[in-house]
Amino acid sequence: MRTVKPLLRSLFIPGMLFLGACCCQKDVVVAPVPLPPPPPPPPSVELGDIFFDYDKSELRAEAVEQLQKNFDWMKQNVAGTLIVEGHCDERGTNEYNMALGERRANAAKDYMVNIGADPARMQTVSYGEERPFALGHDEASWAQNRRAHFVGQGK
Amino acid sequence: MTIIVPDKGSGTTVVLVLVLMLLSFVFISPSLHAEAAGEYIAIRKQGAGKVALVLDRSASKGSKESGLAQNLDAIIKDGLIFSDLFSVLPPPSNIRTGGDGKGSSLNFGALSSVGAEVYAGGTVSRKSGKVNLGMEVYDTFGTKLLMKKTYTGSEDQLRAMGHAFCADLIELLTGKKSYFGSKIVFVSNKTGSKEIYQCDFDGQGIQQLTNFRSISLTPVFSPDGTRLAYTSYTSGKPTLYIRSMSDNSIAAVGKNGVSVDPGWRNGSEVATTLSFEGDQEIYLVRMDGGISRRLTNSRGIDVSPTFSPDGKLMAFVSSRNGMPQIFIQDVQSGQTRRLTYSGRYNTQPSWSPSGDKIAYSTWEKSGEINIFVINADGTGLKRLTSGVRENESPSWSPDGSMIVFTSNRQGGKKLYIMSSTGESQRRLLQMDGEQMQPSWSLFR
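Calculation notes
- Residues numbered from 1 in each chain as written.
- Chains lettered and ligands numbered in written order.
- Predicted model: local features only at pLDDT ≥ 70, side-chain atom pairs only at ≥ 80, totals over all residues.
- Heavy atoms only, no water.
- Contact = heavy atoms within 4.5 Å.
- Buried area = accessible area lost by both parts, 1.4 Å probe.
- Salt bridge = Lys/Arg side-chain N within 4 Å of Asp/Glu carboxyl O.
- Helix = DSSP H or I, 4+ residues; strand = E, 2+ residues; numbered from the N terminus.
- Buried < 20%, exposed > 50% of the residue type's maximum accessible area, 1.4 Å probe, protein only.
- pLDDT = per-residue confidence, 0-100.
- Core = buried A, V, L, I, M, F, W, Y, C linked by side-chain atoms within 4.5 Å.
- Domains from an automatic or database assignment.
- Expected span 1.5 Å × (residues − 1).
- Axes fitted to C-alpha atoms, helices over the stretch in contact; angles between N-to-C directions.
- Parallel < 35°, antiparallel > 145°, perpendicular 65-115°, else oblique.
- Left-handed = near helix turned anticlockwise from the far one by under 90°.
- Nonpolar A, V, L, I, M, F, W, Y, C, P; charged D, E, K, R; others polar.
- Pairing = 2+ DSSP bridges.

Draft legend 1. How the structure looks around the interface of chain B and chain A. Counting residues at the interface gives 35 residues for chain B and 20 residues for chain A. Across the interface of chain B and chain A, roughly 2,200 Å² is buried in total on both sides, 54% from carbon and sulfur atoms. Where chain B meets chain A, there are two salt bridges. Across the salt bridge formed by Lys194(B) and Glu130(A), the nearest N and O atoms sit 2.7 Å from each other. Those elements that provide at least two residues to the side of chain B that touches chain A are strand E15 (216-221), strand E19 (260-265), strand E23 (302-307), strand E27 (346-351), strand E28 (357-363) and strand E31 (391-396) of chain B.

Draft legend 2. Looking closely at the side chain of Ser141(A). Residues and elements named next belong to chain A. Examined against the element boundaries, Ser141 turns out to sit in helix H4 (residues 139-145). Ser141 gets classed as buried once you look at its relative accessible area, which sits at 8%. For Ser141, the contacting residues outside a window of four places in its chain are Ala134, Leu135 and Gly136.

Draft legend 3. Focus on the confidence of the model for chain A. Per-residue pLDDT for chain A has a mean of 86; in total, 77% of the residues score no lower than 70. Averaged pLDDT values for the elements of chain A fall to 58 in helix H1 (residues 4-30) of chain A and rise to 98 in strand E1 (residues 50-51) of chain A.

Draft legend 4. Up close: the nonpolar core. All names here are of chain B. Ranked by size, the top nonpolar core spans 46 residues in total, and within it Leu53, Phe86, Val137, Phe165, Leu169 and Leu428 carry the most contacts. Ranked by residue count, the leading element in this core is helix H3 (residues 158-174), at nine residues. Shared between two domains, this core takes at least three residues from each, and those domains are domain 1 (2-174) and domain 2 (183-440). Setting aside residues no more than four positions away along its own chain, Leu53 makes contact with Leu80, Phe86, Ser87, Val88, Leu89, Val118, Ala120 and Leu169. In this structure, Val260, Val303, Ile326 and Ile374 belong to the second largest nonpolar core, which totals 29 residues.

Draft legend 5. Up close: helix H1 (residues 63-83) of chain B. All names here are of chain B. Its 21 residues give H1 an end-to-end C-alpha distance of 30 Å, which sits within 8% of 30 Å, the value for a rise of 1.5 Å per residue. All of the buried residues along H1 are Glu65, Leu68, Ala69, Leu72, Asp73, Ile75, Ile76, Gly79, Leu80, Phe82 and Ser83. Among the residues trailing H1, Asp84 stands out with phi positive, at a value near 70°.

Draft legend 6. Structural view of the environment of Ala117(A). All names here are of chain A. Mapped onto the fold, Ala117 is located in the loop between helix H3 (94-114) and strand E3 (122-128). Here Ala117 falls in the buried class, since its relative accessible area comes to 6%. Separated by 46 residues in sequence, Ala117 and Phe71 have C-alpha atoms that sit 6.3 Å apart. In this structure Ala117 touches Phe71, Met74, Met112 and Met122, once residues within four positions along its chain are discounted.

Draft legend 7. View of the packing of H1(B) against H3(B). Residue and element names in this part refer to chain B. Running from N to C, H1 and H3 point in directions that differ by 45°, and their axes come no closer than 9 Å. Judged on the interaxial angle alone, H3 and H1 are oblique. Crossing hand, H1 versus H3: right-handed. Contacts between H1 and H3 pair Leu68, Asn71, Leu72, Ile75, Ile76, Gly79, Leu80 and Ser83 from the former with Leu158, Arg159, Met161, Gly162, His163, Phe165, Cys166, Leu169 and Ile170 from the latter. Among the residues forming the contact of H1 with H3, the class breakdown is 11 nonpolar, five polar and one charged.

Draft legend 8. Layout of the sheet that holds strand E18 (residues 250-252) of chain B. All names here are of chain B. Ordered by their spatial adjacency, four strands build an open sheet running E15-E16-E17-E18, and the pairing between neighbours is antiparallel. The sheet is open, and its two borders are formed by E15 and E18, each paired with just one other strand. Taken over all neighbouring pairs, the strand axes of this sheet differ in orientation by 20° on average, direction set aside. Of the strand pairs in this sheet, strand E16 (residues 227-232) and strand E17 (residues 239-244) are connected by six bridges, and their pairing is antiparallel. In the strand pairing of E17, Ser232 is matched with Thr239.

The following block contains the structure:
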């Protein structure tokens, strides 16, 4: 009996495997291997414009918050690149505004680089007062036009 | 009253004063010593008014010649009126004595009686396919021939011929070269995108120079007219280009950052704002687009360079003290002084061709933008526009007698001209869309 028991045992395991394999042959297709539950999707971050005071290229407090979000967008879209457009309102003269628009774009980019953004993934361009967002001729429109606009590419 | 003095350089010493005696029918004419054309310079007192000129119909034989003569007369008349130096009078009916044919002579008495100071008239003829315009100019009071010259060209060069005469006449009377033959480059959004155009000094002959369907800005001709510097977004960012007008070859300034508002220095270099070293500074750029050297070094915006005619001094806009003001820098030593103290927002300087004045625009508290002129030493500030919304981008005519600028006084931005002291403000041209950033060529 002592020698029969291990023999039976050794036959039992391949036997069971054989039977199991026979049983499973039909089931492989219909019974999926249970997957681990997927992680919840991270809240998708949207790029947003930032706005400036009249004749200024310094960042406002709420602009800093938005730049953090725009940096989060870069972290989320690791292959994405950003074009930072600097814009001005229609007041003042075109040539000076072209320079002012560049300072706004640079101020936004510099801040994001300081908090960790890869400068190689960011480009700046000044449009001066050439591409207004709002077309009105009042402070409400001008305030929307004094902005840095972010264009995300290749996310 | 007109005072005519001989050019001091000519050696003639007699100063002649012509007094129009209002209460007398008898005009005592001091004899004018008109030995040669070009000796007279009419010095017009402030408010002295315009030179009263009778422009006679050009004589011609044959119907073809008659048509050419009519065209030439109209071109000359328009040119002289445009100059704002003349009141052009119609010829009196008794302009000639001794009949209409050959041998008749000018009736100077009749010319004087209609108040004419100067008479101009010509003959038009054709020879071997060329048009000849023979012009004579007389001082009517002195009954002296001031100028006699023949202009020759093909039939499609009538404008150039008529304007050559206008230029000679104005040079004769003012002692200065005029702007006839010069061009104005400007930007228009007529097609929906900002492209560069040029026109003649009088707004005629509009030509589109770019068709990039991008944004093209701040064009300016080199002093000799062989090159055009401008900023364009064709590469996606504002880049300075220098284009040869003869073969259309283009050199680009391939540096990062904005490159805006070029200004020529001595015809061989262009100054422009670049920001590849971080801050926005003004650099001199060679014809091939390479950097020659950096001119400014201050925190803040430095933009819109314009040079004295000798190239030694540069006026420019800087925000180094906060709001934009105009500064003057010695190019050699780098020494810089502030030029404008009146007004909180002063930009767009343009150095006059004679070197003594700088025109610029001020954004005023009222919301208006107005054009001012100031002496290069900071004295003599004068406002040239007021009460008519936004007036921008002044640029001097090559003789310094006029300024072209942008105004939205009638709605959209259009090009206007005025005298260098702000008189006779009027539309330069009729064109769809908006026009802006005019720059008057120094060549003519």
